[in-house]
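Residue strings, one per chain:
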Amino acid sequence: MSIRVFIPEAIPSQNKGEVGIFFGIREGLQAIGHAKISLASHCPEADREEYGPDVELIADNVLTARGTVGKLCQSMWLLARQGCFAAAYGLFGGSALALFRAPMWRALTEADLILFGHDNVLVGRFPLQLALVPMLAKRLGIPCVVYAGTVGPYAGWGTRWLTRRLLKGASLVTLREKQSVANVAELSLGVVPVHAVADPAFLMPPCAPERAEDILREAGAPANREIVAVTITFEMARRYARAKGLDEREGAEIYFRARAALLDGLVEKHGVVVAAIAHCAEAGPRDDRAANRELFRHVRRKDSVFLIEGGHRARELKGVIGRCALLIGERTHSMIAATSQGVATVGISSAITGSKTRGILGEEMGILEWLIDVETMDFDAVKNIVEQAWQRRADLSAGLRSRVDSVCEKSRLPAKLIGERFPELANSGGPMT
């Protein structure tokens, strides 16, 4: 038999950090038994290619509208549908499925376990489409668990209140950094158990070394030079511009020009080549492919900068990062991919939302001194930090490798806690095949 797991939120495969999280969840659940997962999906076609045929993808309970008003209206509609289903199920029990025939309702009612709140779902604005999930789970008698999430900062007191209501309905809350544990402690959840764990993405292995080499050769990178990997985003450029009081376009121009100059300096001083990796290929402002092209526009040493564009699997990008001597990263999960393989890492994050990065990587992997807040960054200081990391990369690598096993154990902890709290799941799931 299998454990039927329903995840009522999207984990989009275009973002390779999200793929790492999903892989880690699936890997961790092996501690309980074979898991048959149903997952909400923005884009089932793309997700199916990454996740494979064993995952049921449900194009429901996700926001597809554009703009704040459109997303709010769609969230309210999804919430209203859940309320109607809850009322119908309360009156008619399983017979309500005769009226509510969408795959989501079947996945919900047949689930042995519901997981929600992964990654940044509970950061900032409250996800209304999840508001009734714990209540529905309780009515159905299904354990409902926050699996290695981040909680806070909140968009306001209303969001804080709603988050508290959501978490109080959970059966178990596991959080991937200490600041989230502290944020949740302030919510006074009562008897709901709360545990500190690690990000599941640490568990995702890289592709075979030969495949990583093929990707680098296809991009044009030579085989005889050390490689510095880069992940760069428009988000950090915008945050830099706002912090400096600059027009967004002007600030982004300054930001990308300075980052390009940093890379040119590494090429000329150390003879390295640069692999600019698109770790998120979601269309729109989060598209790292466009950010990479903007970076490339500004570099002088175009002969030594190579773009790793979209179309690659998450494990392939992790394999490419593992082949590098240093990562200068802006995507948290690109830094997880690096540090989990012992690659020296300098990270750029936001002072506003970067508590997750400082917790997941700074504290767990011991790289706090190598994390830089974009709002206060000085480009000359960044250049010095990167130079120090380059000079000390062998020692940094050894330190990372000494920590990774214990962090991976913490990544498996959510599933172990689920098995301990709900032993009937392990009994029903049976061993992995």
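As a reminder, the structure under discussion sits directly above these lines.
Owing to the predicted nature of the structure, the values given are computational and were not obtained by experimental measurement.

Participant: Looking at this structure, I do not really get the packing of aromatic side chains. What am I missing?
Facilitator: Two descriptors summarise a pair of aromatic rings, namely the distance from one centre to the other and the angle between the planes of the rings. If you walk through the whole model with that rule in mind, you get 10 aromatic pairs. Here the aromatic rings of F85 and F100 are separated by 5.3 Å at their centres, their planes lie at 80°, and the arrangement is edge-to-face. Here F85 is found in helix α3 (residues 68-92), whereas its partner F100 is found in the loop between α3 and α4 (103-110), with 15 residues between them in sequence. Each member of the pair, F85 together with F100, is buried. For the ring pair F100 and W105, a centre distance of 5.8 Å and an interplane angle of 85° mean the geometry is edge-to-face. Judged by relative accessible area, which is 18%, F100 ranks as buried. Among the aromatic side chains, those forming a connected cluster through ring pairs are F234, Y240, Y255, F256 and F379. Above the face of the F296 ring, K302 is positioned so that its terminal group lies 5.5 Å from the ring centre. Geometry around W390 places R393 over its ring, the cationic atom sitting 3.8 Å from the centre.

Participant: What is the right way to read unusual backbone geometry from this model?
Facilitator: One can expect most non-glycine residues to show negative phi and most peptide bonds to be in trans. The omega angle of the peptide bond from G152 to P153 is -5°, so this bond is cis rather than trans. You can see P153 is positioned in strand β6 (residues 144-154). Within the chain, N61 stands out as a residue other than glycine whose phi angle is a positive 65°. Within the fold, N61 resides in the loop between β3 (56-58) and α3. Of note, A148 is a non-glycine position whose phi angle comes to about 55°, a positive value. Along the chain, A148 falls in strand β6. Taking the relative accessible area as the measure of exposure, A148 reaches 2% and is therefore buried.

Participant: Any chance you could explain helix α1 (residues 16-28) here in plain terms?
Facilitator: One turn of the α-helix equals 3.6 residues, which is why residues spaced by three or four share an orientation. Look at α1: 18 Å from first C-alpha to last across 13 residues, which is about the 18 Å you get at 1.5 Å a residue. Of all 13 residues in α1, 11 are buried, a share of seventy percent or more. Within the span of α1, buried status applies to K16, G17, E18, V19, G20, I21, F22, F23, G24, I25 and G28. Where α1 begins, the capping side chain belongs to N15, and its oxygen is found 3.0 Å from the backbone nitrogen of G17.

Participant: Would you take a moment to explain the pairing of β6 for this structure?
Facilitator: Remark: a regular strand shows side chains that alternate across the two faces of the sheet. Across the 11 residues of β6, nine count as buried, placing the element largely inside the fold. Where strand β4 (residues 113-116) lies against β6, three bridges are found, and the strand directions are parallel. When the bridges of β6 are listed, F116 appears paired with V146. Pairing of strand β5 (residues 119-124) with β6, which is carried by three bridges, proceeds in the parallel orientation. Paired with L122 across the two strands is V151, which belongs to β6. Pairing geometry for β6 and strand β7 (residues 172-175), over three bridges, is parallel.

Participant: I'm lost on the sheet that holds strand β11 (residues 305-308) in this one. Help?
Facilitator: Strand pairing within a sheet occurs via backbone hydrogen bonds; the two strands may be parallel or antiparallel. Judged by pairing direction, the sheet is parallel, and its six strands sit side by side in the order β11-β10-β9-β12-β13-β14 without closing on themselves. Whereas interior strands pair on both sides, the edge strands pair on one side only; in this sheet they are β11 and β14 (371-373). Recorded for the sheet is a direction-independent mean angle of 20° between the axes of neighbouring strands. With three bridges connecting them, strand β9 (residues 227-230) and strand β12 (residues 326-329) associate as parallel partners. Counted as the bridge partner of V228 is L326 from β12. On the sheet, helix α11 (residues 288-298) packs against β9, β10 (273-277) and β11 and is oriented at approximately 170° with respect to β11.

Participant: Any chance you could explain the nonpolar core here in plain terms?
Facilitator: A general trend in soluble globular proteins is that nonpolar side chains are found buried together. Residues V5, L29, L115, Y255 and I418 are the most contacted members of the largest nonpolar core, which totals 102 residues. Leave out the neighbours within four places in its chain, and Y255 touches I232, M236, A237, Y240, E330, I348, V374, M377 and F379.

Participant: Would you take a moment to explain the side chain of D60 for this structure?
Facilitator: In this structure, D60 sits in the loop between β3 and α3. Beyond its immediate stretch of four places on either side in the chain, D60 contacts A40, S41, L78, R81, A102 and M104.

Each value, and the rule that gives it
Residues numbered from 1 in each chain as written. Predicted model: local features only at pLDDT ≥ 70, side-chain atom pairs only at ≥ 80, totals over all residues. Heavy atoms only, no water. Phe/Tyr/Trp six-rings, centres within 6.5 Å; stacked < 30°, edge-to-face > 60°. Helix = DSSP H or I, 4+ residues; strand = E, 2+ residues; numbered from the N terminus. Buried < 20%, exposed > 50% of the residue type's maximum accessible area, 1.4 Å probe, protein only. Lys NZ or Arg CZ within 6 Å of the ring centre and 35° of its normal. Expected span 1.5 Å × (residues − 1). Polar contact = N/O pair within 3.5 Å; in protein donor to acceptor, adjacent residues only side chain to side chain. Pairing = 2+ DSSP bridges. Axes fitted to C-alpha atoms, helices over the stretch in contact; angles between N-to-C directions. Contact = heavy atoms within 4.5 Å. Core = buried A, V, L, I, M, F, W, Y, C linked by side-chain atoms within 4.5 Å.

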